[in-house]
Amino acid sequence: MIHALVLPFVLVAASSAADPAAPDKFVVLSEFQVWADPVGPEVYQEFNKLYLTKGRCHSFMLYPRYEMFVWDAARMKCWVDEAVALGAFNVFCLGDDTRTAQGRLFTPTGLNPELAGTYFEIVEYAHRRGLMVSVEPVGLPKPRDKEHFAAWLATWIGPSVPKTRRADIIKLSIEWFGAFGNNPDIAAELEAFFEASREVNPQVLVYVDSIGGKWRQPQPLHRWLLSQYPGTIVSHYLNVDQVEAFREIGARNMMVQINPCEAVLGGPAHLFLYFHETVTFLRKAMRQRVRYVSLAGVNYAYSRRDFDLFLEVIRPHLALVPDVDSLRKTLVADEIRDPATKEEVRAELLDARRK
């Protein structure tokens, strides 16, 4: 249940990250990511049925019952308020992972007209509450070239969209570019996205969300991306083991993500919150002085008490910045020792497909 109490939200000045009197304050970005909400308690009853019969329960397992999930502005405002009340976040992220009866927030032609009003109202409210807004889109255009990306992006970060309603950050998951299928065109498509984003709105920051499997370790794609676009944040999911491996190749802007309701890989998910696993993950991230962190799927199996308690792990290290300009100043140019070319990325992925 979301509590009505909303506590003051205070951002720590960006300069404190470099303040010798506060050497342990280094987390400059902390993201609170939501997905489309379960429509009501009946969804959790269905999760329980899945768990009792299959030993796991995930929103995807309820498809095609898309009516069980909803984007609702009033409810999302409550989640914004919750992020503010916890006092440990400066970014509110809308993840379009979960499909609703009205579709996803984004279609291949741009912002979903049926959900545009809801989307803009949420973004505007989060800004009003003092948070930056990030978006993880799923429904990308086809073909994935600069022209189509530019037209698609213009519908939600273009010059016709008021600044208060524009996202500040795009969370660009390589999953939606076909990484799990070893898409040989992924480097060209990512380049098209970065160039289109810069053309449509250079003020918006794009960071890359890497995924599981082989992508937990540095790949030719990462070595191409970080040499082509040095200073790009790369996020990883449910694991911090890869942080040092990426730092060794010259990556300088590591981010990690924990989904408190998915902390056991391959196990039950959206009915439970894994407190111990979440605390363990966050402690490891703090020991490795990771400056960018994300908690995702927070509106599933949520507990204010539990979140308030496990966030104690990161609170002593918060130096949260107030805006994207300040965030950009924290980025360090990557120093990739063995850069790859787009052609090498393509060849490696074609080979992986053959195998």
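Residues numbered from 1 in each chain as written. Predicted model: local features only at pLDDT ≥ 70, side-chain atom pairs only at ≥ 80, totals over all residues. Heavy atoms only, no water.

### Concerning the pairing of strand S11 (residues 254-258)
Next, step 1: Within S11, 5 of the 5 residues are buried, leaving the element largely enclosed by the surrounding structure.
Next, step 2: Side chains Met254, Val256 and Ile258 project from S11 onto one buried face, and the interleaved Met255 and Gln257 project onto a second face that is buried too.
Next, step 3: Direction of pairing for strand S10 (residues 234-237) relative to S11: parallel, over a ladder of 4 bridges. Note on S11: the bridge partner recorded for Val234 is Met254.
Next, step 4: Read as a crossover between parallel neighbours, the route from S10 over helix H7 (residues 242-249) to S11 is right-handed.
Next, step 5: Of the pairings in the sheet, the one linking S11 to strand S12 (residues 292-296) comprises 4 bridges and is parallel in character. Note that in S12 the partner of Ile258 across the bridge is Leu295.
Next, step 6: Chirality of the crossover, the property in question, places the unit of S11, helix H8 (residues 275-287) and S12 among those that are right-handed. (Buried < 20%, exposed > 50% of the residue type's maximum accessible area, 1.4 Å probe, protein only. Helix = DSSP H or I, 4+ residues; strand = E, 2+ residues; numbered from the N terminus. Pairing = 2+ DSSP bridges. Right-handed = clockwise from strand over helix to strand, strands pointing away.)

### Some points on the environment of Leu115
Next, step 1: Position of Leu115 relative to the elements: it lies in the loop between strand S6 (110-111) and helix H3 (116-128).
Next, step 2: Spatially, the C-alpha atoms of Leu115 and Asp72 are 9.0 Å apart, while their sequence positions differ by 43 residues.
Next, step 3: Ignoring sequence-local partners within four residues, the contact set of Leu115 consists of Trp71, Thr100, Gln102, Gly103, Arg104 and Leu105. (Contact = heavy atoms within 4.5 Å.)

### A look at the environment of Cys93
Next, step 1: Mapping Cys93 onto the fold places it in strand S4 (residues 91-95).
Next, step 2: Its relative accessible area of 0% is what places Cys93 among the buried residues.
Next, step 3: The sequence separation of Cys93 and Met132 amounts to 39 residues, and the corresponding C-alpha distance is 8.4 Å.
Next, step 4: Those residues in contact with Cys93 that sit more than four places away from it in its chain are Glu31, Phe32, Gln33, Val34, Ser134, Val135, Glu136 and Lys171.

### Considerations on unusual backbone geometry
Next, step 1: In this model, Tyr63 is joined to Pro64 through a cis peptide bond whose omega is 10°.
Next, step 2: Examined against the element boundaries, Pro64 turns out to sit in the loop between helix H1 (41-54) and strand S3 (69-70).
Next, step 3: Pro143 follows Lys142 through a cis peptide bond whose omega is -5°.
Next, step 4: For Pro143, the position within the fold is in the loop between strand S7 (132-136) and helix H4 (146-157).
Next, step 5: For Ala301, which is not a glycine, the phi torsion comes out positive at approximately 55°.
Next, step 6: The residue Ala301 is located in the loop between S12 and helix H9 (304-310) in this model.

### Some details on the side chain of Glu46
Next, step 1: Within the element layout of this structure, Glu46 appears in helix H1.
Next, step 2: For Glu46, a relative accessible area of 16% corresponds to the buried category.
Next, step 3: One polar contact links Glu46 to Lys49, side chain to side chain, over a distance of 3.1 Å. (Polar contact = N/O pair within 3.5 Å; in protein donor to acceptor, adjacent residues only side chain to side chain.)

### Quick look at the sheet that holds S11
The strands making up a sheet are joined through hydrogen bonds of the backbone, oriented either antiparallel or parallel.
Next, step 1: The strand order around the closed barrel formed by 8 strands is S1-S4-S7-S8-S9-S10-S11-S12, and the pairing between neighbours is parallel. In this sheet, neighbouring strand axes are inclined to one another by 25° on average, regardless of whether the strands run parallel or antiparallel.
Next, step 2: Looking at chain direction, strand S1 (residues 29-34) and S4 are connected through 4 bridges and run parallel. Bridge pairing in S4 places Val34 opposite Leu94.
Next, step 3: Sitting on the sheet, helix H5 (residues 186-200) touches strand S8 (169-173) and strand S9 (205-209), and the angle it makes with S8 is about 175°. (Axes fitted to C-alpha atoms, helices over the stretch in contact; angles between N-to-C directions.)

### What about the nonpolar core?
Next, step 1: By size, the foremost hydrophobic cluster in this structure holds 111 residues, and its most contacted members are Phe92, Leu94, Tyr119 and Trp156.
Next, step 2: For Leu94, the contacting residues outside a window of four places in its chain are Val34, Trp71, Met76, Leu105, Tyr119, Ile122, Val123, Ser134, Val135 and Glu136.
Next, step 3: Counting 13 residues, the second largest nonpolar core, distinct from the first, contains Val28, Val91, Met132 and Met255. (Core = buried A, V, L, I, M, F, W, Y, C linked by side-chain atoms within 4.5 Å.)

### Things to note about the confidence of the model for the protein chain
Next, step 1: Of the residues in the protein chain, 94% reach a pLDDT of 70 or more, and the chain-wide mean stands at 93.
Next, step 2: For residues 1-20, every residue scores under 50 in pLDDT, and the model assigns this stretch 39 contacts once sequence neighbours within four places are set aside. (pLDDT = per-residue confidence, 0-100.)

### Some thoughts on H3
Next, step 1: Across its 13 residues, H3 extends 18 Å between first and last C-alpha, which sits within 8% of the 18 Å expected from 1.5 Å per residue.
Next, step 2: When we look at burial in H3, the residues that qualify are Ala116, Thr118, Tyr119, Phe120, Ile122, Val123, Tyr125 and Ala126.
Next, step 3: The elements touched by buried residues of H3 are helix H2 (73-86), S4, strand S5 (106-107), S6, S7 and H4.
Next, step 4: Phi for Gly130, located one or two positions after H3, is positive at around 90°. (Expected span 1.5 Å × (residues − 1).)

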